[in-house]
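# Structural description and commentary
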Amino acid sequence: MKIRSAVMAILILGIMTLSSSSFAQKKAPTKYILVIHGGAGTILKKNMTDSLEKAYIAVLTQALETGYKQLAAGKSSLDAVEATVHVMEDSPLFNAGKGAVFTNQGKNEMDASIMEGATLKAGAVAGVTTIKNPISAARAVMEKSEHVMMMGAGAEEFAKRVGLTIVDPSYFWTKSRYDALQNILKRDAEKTELDHSNPQTSIAPFVKDEKFGTVGAVALDKQGNLAAATSTGGMTNKKFGRIGDSPIIGAGTYADNNSVAVSCTGWGEFFIRANAAYDVAARMKYGKASLKDASQQVIDRIGKMGGDGGLVALDNKGQVAMPFNTEGMYRGTVTEDGKISVEIYK
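Calculation notes
Residues numbered from 1 in each chain as written. Predicted model: local features only at pLDDT ≥ 70, side-chain atom pairs only at ≥ 80, totals over all residues. Heavy atoms only, no water. Helix = DSSP H or I, 4+ residues; strand = E, 2+ residues; numbered from the N terminus. Buried < 20%, exposed > 50% of the residue type's maximum accessible area, 1.4 Å probe, protein only. Areas by Shrake-Rupley, 256 points an atom, 1.4 Å probe, with all protein chains shown as cover. Pairing = 2+ DSSP bridges. Contact = heavy atoms within 4.5 Å. Axes fitted to C-alpha atoms, helices over the stretch in contact; angles between N-to-C directions. Parallel < 35°, antiparallel > 145°, perpendicular 65-115°, else oblique. Nonpolar A, V, L, I, M, F, W, Y, C, P; charged D, E, K, R; others polar. Expected span 1.5 Å × (residues − 1). Lys, Arg positive; Asp, Glu negative; His and termini not counted. Salt bridge = Lys/Arg side-chain N within 4 Å of Asp/Glu carboxyl O. Core = buried A, V, L, I, M, F, W, Y, C linked by side-chain atoms within 4.5 Å. Left-handed = near helix turned anticlockwise from the far one by under 90°.

### Focus on the overall build of the protein
Counting its secondary structure elements, the protein contains 9 helices and 12 strands. The proportion of buried residues among the 346 residues of the protein is 53%. Summing over all exposed atoms, the protein offers an accessible surface of approximately 15,600 Å²; the carbon and sulfur share of this is 55%.

### Description of unusual backbone geometry
Even without being glycine, Leu120 reaches a positive phi, approximately 65 degrees. Among the structural elements, Leu120 can be located in the loop between strand E2 (110-116) and strand E3 (122-128). Leu120 gets classed as partly exposed once you look at its relative accessible area, which sits at 42%. One non-glycine residue, Lys288, lies in the positive phi region at around 60 degrees. Mapped onto the secondary structure, Lys288 falls in the loop between helix H8 (276-285) and helix H9 (291-305).

### Considering the sheet that holds strand E8 (residues 260-266)
Ordered by their spatial adjacency, 4 strands build an open sheet running E7-E8-E9-E10, and the pairing between neighbours is antiparallel. Each edge of the sheet is formed by a strand with only one pairing partner; in this case those strands are strand E7 (253-255) and strand E10 (320-321). Running at roughly 145 degrees to E8, H8 makes contact with E7, E8 and strand E9 (309-315) of the sheet. Sheet strands in contact with H9 are E8, E9 and E10, and its direction is about 160 degrees off that of E9.

### Quick notes on the packing of helix H3 (residues 77-89) against helix H4 (residues 134-144)
Two numbers describe how H3 lies on H4: the axes approach to 8 Å, and their chain directions differ by 150 degrees. By the criterion of interaxial angle, the relationship of H3 to H4 is roughly antiparallel. Listed contacts from H4 to Leu78, Asp79, Glu82, Val85, His86 and Glu89 of H3 are Pro134, Ile135, Ser136, Arg139, Met142 and Glu143. Taken together, the residues that form the contact of H3 with H4 break down as 5 nonpolar, 2 polar and 5 charged.

### Considerations on H3
With 13 residues, H3 ought to run about 18 Å at 1.5 Å a step, and its terminal C-alpha atoms sit 18 Å apart, in line with that. With 11 of its 13 residues buried, H3 lies for the most part within the structure. Buried residues of H3: Ser77, Leu78, Ala80, Val81, Glu82, Ala83, Thr84, Val85, Val87, Met88 and Glu89, and no others. On its buried side, H3 packs onto strand E1 (32-41), helix H2 (50-72), E2, H4, strand E5 (215-220) and strand E6 (226-232).

### Describing the side chain of Glu89
Within the element layout of this structure, Glu89 appears in helix H3. Summary of buried charges: Glu89 has no salt-bridge partner, and the nearest side chain of opposite charge, Lys132, is 7.5 Å away. Here Glu89 is in contact with Ala96, Gly97, Lys98, Gly99, Asn133, Pro134, Ile135 and Ser231, once residues within four sequence places are set aside.

### Digging into the nonpolar core
If you look at the biggest cluster of nonpolar residues, it comprises 47 residues, and the most contacted ones within it are Leu34, Ile36, Phe94, Ile114 and Tyr330. Counting residues in each nonpolar core, the second largest holds 35 residues, with Val260, Trp267, Val280 and Phe324 among its members.

### Quick word on the packing of H2 against H3
Interhelical geometry of H2 versus H3 gives an angle of 160 degrees and a closest axis separation of 8 Å. By the angle between their directions, the pair H2 and H3 is classed as roughly antiparallel. Along this stretch, H2 crosses H3, giving a crossing that reads as right-handed. From H2, Val59, Leu60, Gln62, Ala63, Thr66, Gly67, Gln70 and Leu71 reach across to H3, where they touch Ser77, Asp79, Ala80, Ala83, Thr84, Val87 and Met88. Here the contact of H2 with H3 is built from residues that sort into 8 nonpolar, 6 polar and 1 charged.

In structure tokens, the structure reads:
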């Protein structure tokens, strides 16, 4: 009887273990490995043509596919975010690289940054005008110099010396961006149109956001390493060498294997003042907040300050958050199994 009872107990325990395992498998959270954004702002379905919407979805999908191939092949998260951002920098749809907006002086000045979560190494460039893919220049600063940030002509000379593709500034000229600048100059020579509209601010209501958004990517690779990258052309009609949050580590970009990788998009001045990207990591690390709560708290704080925008964040467990306080944000994810999702509206 004792042997029979023991056998029965083992069988029951085995069944319970199998059931528990099956339940755990069913409830296992989705693991995301790459998350991107293409800018946040007044993005309304009623203002979007079918063809333009399809064009945005196509480029965002291509960006996700590009990064996924890198990760699936065992490449680093750093390789993945760089390749992903390249796709968006090469598209005139986004305010980065080819689609960069114009300054008040009729120039295209770009900023970018990248960060590696495993080492906390980072690189950035600001105010560059001839580097085809600023995100690669940011990575070069990180890996091939003793610095974190370079700017202007110096950054361009460095990029040329390390073999990056240098183009004539005319490469960045696009009619839609040029027309946007001319329209602003006609309306008010002293007003600056942000890349992101916000009714809470003092910007005149007739200065509307046409959404040429900053781009960014965060990734988690097979080795468990996080990385983040952000690239932008700044704001239309910007003056006096203005630099936003995108090239500033801790403001627009941050990655730490112990917590999270973050890329931000929005009104840069507010993200700088809020130290937004690092604040997400700090709330998780020191405040023990969840990824979802930490990310939302940061965006809520920026909103209370009068700023707008959003961010994408990916933690070291493969969980994702994409909060924003605008009408929309171009965003997308790809999971470990290759499933791609792209969204635009709120």
